[in-house]
Amino acid sequence: MKGSNSDSLRLTRRKFLVASSAAALAAACGPAAAPGASPTSAATSAAATAAATATPGKVLKIGQLLPFTKVYAELGNSMKRASDLYVKQKGGKLANRPVTFIYEDEANDPAVGAQKTQKFIEQDQVDLMMGIVATPIVYAIRNAVDAAKMIYIGTNAGGNAVTRTVADCKPSCKSKYIFRTSFSAWQVSQPLGEYLSKKGEKEFFLCFSNYGFGTESAAAFVEGLAKNGGKETGRVAPPLGNADFVPFVTQIKAQPTKNVFSFFSGADAIGYIRAWNQLGMPAAGYKMYGAGFLTEQDVLKEVKEQANGAITSLFWSVTLDNAENKAFVDAYQKEYNLLPDVFAVQAWDGMQAVDLALQKTNGDTSNKDAFIAALEGVKFKSPRGDFEFDKETHNVIQDMYIREVKTQGGSVVNIIVDKIARVTDPGK
C-alpha cells in the first residue's frame, strides 16, 4: 500500500495533526522493538527496560480470528497491523511474557469460524482469543468459548445479543468470558437517529446490508428516530458481499425521501458509494447518513471525494484531537505508510486492555476469575477518548461522535461536528 497516494496522506496528516509529540508517543506505545521485526521475532528480543532483563515468562499465545479473504479482508488486515504494532512497541512482551499471535481466517463463514475457534481451544491451547468481524460468526462461537472458559475479546463484531441478557441465549447472549472493545449495533446507530430527529430531520429511507448487524443497526436507528417523532419511509436490503449496487440505489432514487440511512462496510461500502455517485444522487438532492463504517478510512482511501458531505456516527475519527490519537496515528503511519482506521483502533484498544489486565495479574491468565476481574477494572485513555468496560455487559462505554466527510489538506477524512457522551448499550 505504498506509493504516491500514501505519501500524500503522510504529508497531509502532518498538516492537521501537527501537535503530535514524542512524549505522547512514548507514553502510548512504550519501548520500540527493532524496525521490521515481526511479533514472533520481537517476542524473543530484549527490550531496554528492567522488566525485559528478567527471565521471560511463559509465552502468551493469543488466537486472532480475523477475515483475510472476501468482503471484509481489509478490516482483518487493519486489525492485524494494529495488534502487531502494539506488541512491537512493547518490545515483544506483555507483562514480561513473550507474545505469539496465531492468526486464522474466519472467511466470513460461521462454520469456518466455529472450526477455527475449536482449533484455538483444543489444538493451539491459546491463553485468550480476539478478533471476529462479522456478527453471525461471533454468534456462532459464543457457546464454544463460554463452555471452554476461554476469555474472548471481540475487536469488531457488534451484534447486540453477544453482550446482552437474551432469553434461551438465542442467537447469543452475554458470557462472563466475553468482552468487547468495539461497539454494539445499538451504540453506533440509535444515538444518530435520536440526534438527527431532534435536529428536525424526521423521515428517512433505509438501505443496509442484509445480515445480522445490518438489520440490528437499521432497527436501532429507527428506534432513535422515534424518540423525537421521526420515522422510516421504506427500505431496501442488499445481500452481504453484493456485487452490484446500481439496482438498489436506483430503487432509492425512485422514491421521494431524500434522507437515506445506510449501513455498509468494507468492499460493500465502496461499491455502494460509487453507485450512489454514478446515479447522481447528490445532484438529485439525496443525503447520505449512516453508521460510521460507511465512511471509514479504509473506504475513503478508495472513494475519496465521492463521500464528501456524508454524515455518520462513530466512536473515533482519524482527526480526533487528543494526545493518544495523535500518537497512535503517527506510529501507525510511520510503520505502514497509511492512515489507520477504526478497525485498527479497536484492535489496539483490545491489546491495551489485555496489557493492563496482565499487569494487574502479574502476567497470570490461568486464574480466569482474577483475569476477568482485572479486565473489568481496566480504564485508560484511548485514541477514541476515555475507555472502560460496562461491568454488567462487558461492552465498552464510549463517546459517539457525529462526523462529516470533508477534504482537508488534500486528504478525505471524517471531521467531528458534535459529540454524544458516554453511550452505554442498554444490555437487554
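Nothing here was measured: the structure is a model prediction, and the numbers come from that model. (Residues numbered from 1 in each chain as written. Predicted model: local features only at pLDDT ≥ 70, side-chain atom pairs only at ≥ 80, totals over all residues. Heavy atoms only, no water.)

**Q** Help me understand the environment of G385, please; the structure alone is not making it clear to me.
**A** Secondary-structure assignment places G385 in strand β13 (residues 385-389). Linking G385 and N322, residues 63 residues apart in sequence, is a C-alpha distance of 7.4 Å. The residues contacting G385, other than those within four sequence positions of it, are L320, N322 and F380. (Helix = DSSP H or I, 4+ residues; strand = E, 2+ residues; numbered from the N terminus. Contact = heavy atoms within 4.5 Å.)

**Q** Mind showing me how you'd approach the pattern of salt bridges here?
**A** Note on pairing: side chains with opposite charge can pair once their charged atoms come close. Counted under the stated rule, the structure contains 21 salt bridges. Between R142 and D146 there is a salt bridge, and its shortest N-O distance comes to 3.8 Å. Placement of the pair is R142 and D146 together in helix α7 (residues 135-148), with a separation of 4 residues, close to one helical turn. According to the relative accessible area criterion, D146 is partly exposed, its value standing at 25%. Ionic pairing is found between R403 and E296, a salt bridge with its closest N-O pair at 2.9 Å. Residue R403 is found in strand β14 (residues 396-408), and its partner E296 is found in the loop between β10 (287-291) and α12 (297-303); the two are separated by 107 residues along the sequence. Within the structure, one salt-bridge network assembled from shared partners comprises E104, K116, K119 and D124. (Salt bridge = Lys/Arg side-chain N within 4 Å of Asp/Glu carboxyl O. Buried < 20%, exposed > 50% of the residue type's maximum accessible area, 1.4 Å probe, protein only.)

**Q** For this particular structure, what's the right way to read the packing of helix α10 (residues 246-253) against helix α11 (residues 266-278)?
**A** A packed helix pair is summarised by two numbers, namely the angle formed by the two axes and the spacing between the axes. Remark: α10 packs on α11, axes separated minimally by 9 Å, with the N-to-C direction vectors making an angle of 50 degrees. Taken together, the axis directions place α10 and α11 in an arrangement best described as oblique. Considering only the axes of α10 and α11, their crossing is right-handed. Residues V246, V249 and I252 of α10 lie in contact with α11, whose contacting residues are Y272, A275, W276 and Q278. Residue composition of the contact of α10 with α11, grouped by class: 6 nonpolar, 1 polar and no charged. (Axes fitted to C-alpha atoms, helices over the stretch in contact; angles between N-to-C directions. Parallel < 35°, antiparallel > 145°, perpendicular 65-115°, else oblique. Left-handed = near helix turned anticlockwise from the far one by under 90°. Nonpolar A, V, L, I, M, F, W, Y, C, P; charged D, E, K, R; others polar.)

**Q** Honestly, the state of the cysteines in this entry has me stumped. Any pointers?
**A** By definition, a disulfide is the covalent link that joins the sulfur atoms of two cysteine residues. What the rule picks out here adds up to 1 disulfide. The partner cysteine of C169 in its disulfide is C173, sulfur to sulfur 1.9 Å. As the torsion about the S-S bond is roughly -90 degrees, the C169-C173 disulfide counts as left-handed. The pair formed by C169 and C173 is uniform in burial state, with each residue classed as buried. (Disulfide = S-S within 2.5 Å.)

**Q** Explain the environment of E388 to me, please; I cannot follow it from the model alone.
**A** Counting through the fold element by element, E388 comes out in strand β13. The sequence separation of E388 and E376 amounts to 12 residues, and the corresponding C-alpha distance is 8.0 Å. Beyond its immediate sequence surroundings of up to four residues, E388 is in contact with V378, K379, N395, V396, I397 and R422. Polar side-chain contacts of E388 include one of 2.9 Å to the side chain of R422. (Polar contact = N/O pair within 3.5 Å; in protein donor to acceptor, adjacent residues only side chain to side chain.)

**Q** Quick question: what am I supposed to make of the nonpolar core here?
**A** A general feature of soluble globular proteins is that nonpolar side chains tend to end up buried together. Of all hydrophobic cores here, the largest spans 81 residues; its most connected members are V188 and F293. At 11 residues, helix α14 (residues 342-360) tops the list of elements feeding residues into this core. The residues contacting V188, other than those within four sequence positions of it, are F183, F213, A291, F293, S313, L314, F315 and M400. (Core = buried A, V, L, I, M, F, W, Y, C linked by side-chain atoms within 4.5 Å.)

**Q** Quick question: what am I supposed to make of the environment of I137 here?
**A** Here I137 lies in helix α7. In this structure the C-alpha to C-alpha distance between I137 and E106, which are 31 residues apart in sequence, comes to 7.9 Å. In this structure I137 touches L65, E106, N108, D109, P110, G113 and I132, once residues within four positions along its chain are discounted.

**Q** For this particular structure, what's the right way to read the packing of aromatic side chains?
**A** The description of an aromatic ring pair rests on the distance of the ring centres and on the angle between the ring planes. For the coordinates displayed, the defined rule picks out 24 aromatic pairs. Aromatic pair F179 and F389: ring centres 5.1 Å apart, planes at 65 degrees, arrangement edge-to-face. Note that F179 is positioned in strand β6 (residues 178-180) and F389 in strand β13, a separation of 210 residues in sequence. Both residues of the pair, F179 and F389, count as buried. Arranged with centres 5.9 Å apart and planes meeting at 55 degrees, the rings of Y272 and W276 form a pair that is tilted. Here Y272 pairs with W276, and both are found in helix α11, just 4 residues apart, close to one helical turn. For Y272, a relative accessible area of 0% puts it in the buried group. Pairwise contacts between aromatic rings join F183, Y211, F213, F263, F293, F315 and F343 into one cluster. The ring of Y336 carries R81 above its face, with NZ or CZ at 6.0 Å from the centroid. (Phe/Tyr/Trp six-rings, centres within 6.5 Å; stacked < 30°, edge-to-face > 60°. Lys NZ or Arg CZ within 6 Å of the ring centre and 35° of its normal.)

Interpretation in functional terms is not warranted from these geometric data alone.
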